[in-house]
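# Examination of the molecular architecture
These are the residues of each chain, in order.
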Amino acid sequence: MKTDYQSERRQIFSPQQQEKILLGIINLECARQLIPMVQSGYRLTPIVLETLKWSGQKDLIFALMNVKFDFDGDSRWLFSFLCDLFGEKNTAAMVVQKSQKDNCQSCWKTMYSLLSTEQLEENEQWEELAKKGKWEILARHKRFDDIICNPSNRYSSDAAKILTENNQLPRIIELKKFQWLTQISGGEEILWRHKQYAVLFTHRDSLRRWSEADVICKLCSIPEGQNFLYRIKEYQILVGAGCFAPFWQNENWNTLACLECYRAIDWNRWLQKEKNSDFETRKIYRFAVKAKQWQFLADHRQYRLLLKKGRLFYCCKQLFARTTAGKRK
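Residues numbered from 1 in each chain as written. Predicted model: local features only at pLDDT ≥ 70, side-chain atom pairs only at ≥ 80, totals over all residues. Heavy atoms only, no water.

## Notes on the side chain of Glu 274
Mapped onto the fold, Glu 274 is located in the loop between α22 (267-273) and α23 (278-290). With no salt bridge to any partner, buried Glu 274 finds its closest opposite charge in Lys 273, at an N-O distance of 4.4 Å. Discounting residues that sit within four places of it in the chain, Glu 274 has contacts with Glu 280, Thr 281 and Ile 284. (Helix = DSSP H or I, 4+ residues; strand = E, 2+ residues; numbered from the N terminus. Buried < 20%, exposed > 50% of the residue type's maximum accessible area, 1.4 Å probe, protein only. Lys, Arg positive; Asp, Glu negative; His and termini not counted. Salt bridge = Lys/Arg side-chain N within 4 Å of Asp/Glu carboxyl O. Contact = heavy atoms within 4.5 Å.)

Set out below in structure tokens:
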């Protein structure tokens, strides 16, 4: 395995000693040697940079900023230093360029976070402006897609107002960013036409025109809406609205029983479905007892359960019916 001997030798020196070596090189008027030294891992420090600045080495500082370097200091100080040396506009452009490179040094990323709104705008950093919620700036530059598809998924009412005023509703629909419509008056009807039941239900308590009750009523009024509520397991809502069709279609008798909707259960179909499981059939009979389905229990010879509940009449009735049927044969 290849060993980086230069790196091993350099690690012998502390950051303070490395700084002294760099300052010594500058003092010997060999400052250009700092470029390969920094590239090999010697750290730049505020003192080194200040020394280069006041010794008239501005071009060398610029060259150092264009190679990979480690900075032993506060990135805020470095940003201020570069602004003083190269001007705020040039520094901002440099920071944007460097920070967007793969594997850039952390100091560039920190300095990027220090850029002002104006500097971001000058350098067309639309995504960052969207993250910061600078909707007016984006609208001024007609960057409506950056608002609609903002990386932070922010759907503020201010941004929605800007989109509405600039006739961006068709674009919102085209990009399928339907959540914006929850911030727009009348957006509920558009969401309903496009069958955006999930968006409506998720934001049911914060819509502009429809109340939570309105949303639930609308969903329960159509099979598609009922099936949506069933898929997201909003069983209580369906049961409360008397919407049992999804349970019947899926033969989800167990949930109906747990919700005590006994009259909505087809007990024979449920028993037939679970006929191969002794555990499930016993559970069905226990629910039938709770539901007082005495005739169902009698039909399936659950006499012990009937007697336990004092339903001797159903036992006798069933036995009599079976005896009579036997005699006829």
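## What to know about the layout of surface pockets
One number sums up the size of the second largest pocket: a volume of about 150 Å³. Met 65, Asn 66, Val 67, Lys 68, Phe 69, Lys 98, Lys 101, Asp 102, Asn 103, Cys 104, Gln 105 and Trp 108 together form the lining of the second largest pocket. Of the residues assigned to the lining of the second largest pocket, the class counts are five nonpolar, three polar and four charged. (1 Å grid on protein atoms, 1.4 Å probe; cavity = no way out; pocket = protein on both sides within 12 Å on 5 of 7 lines; lining within 4 Å. Points joined across faces, edges and corners; volume = space filled by probe spheres on them. Nonpolar A, V, L, I, M, F, W, Y, C, P; charged D, E, K, R; others polar.)

## Section: the pattern of salt bridges
This model, assessed by the stated rule, comprises eight salt bridges. When the shortest N-O distance is used, the salt bridge between Arg 171 and Glu 174 registers 3.1 Å. Residue Arg 171 and its partner Glu 174 are both found in helix α14 (residues 169-174); the two are separated by three residues, about one turn of the helix. According to the relative accessible area criterion, Glu 174 is exposed, its value standing at 56%. Of the charged contacts, one joins Arg 204 and Glu 212 as a salt bridge, the two residues approaching to 3.2 Å between their closest N and O atoms. Residue classification places Arg 204 among the partly exposed positions, given a relative accessible area of 22%. With relative accessibility at 38%, the residue Glu 212 sits in the partly exposed group. Through salt bridges with shared partners, a single network forms among Asp 145, Arg 171 and Glu 174.

## Considerations on the packing of helix α4 (residues 46-54) against helix α6 (residues 75-86)
Their axes nearest at 11 Å, the elements α4 and α6 cross at an angle of 5°. Between α4 and α6, the interaxial angle falls into the category roughly parallel. In this structure, α4 contributes Pro 46, Leu 49, Glu 50 and Lys 53 to the contact, and α6 contributes Trp 77, Leu 78, Phe 81 and Leu 85. Here the residues of the contact of α4 with α6 are counted per class, giving six nonpolar, no polar and two charged. (Axes fitted to C-alpha atoms, helices over the stretch in contact; angles between N-to-C directions. Parallel < 35°, antiparallel > 145°, perpendicular 65-115°, else oblique.)

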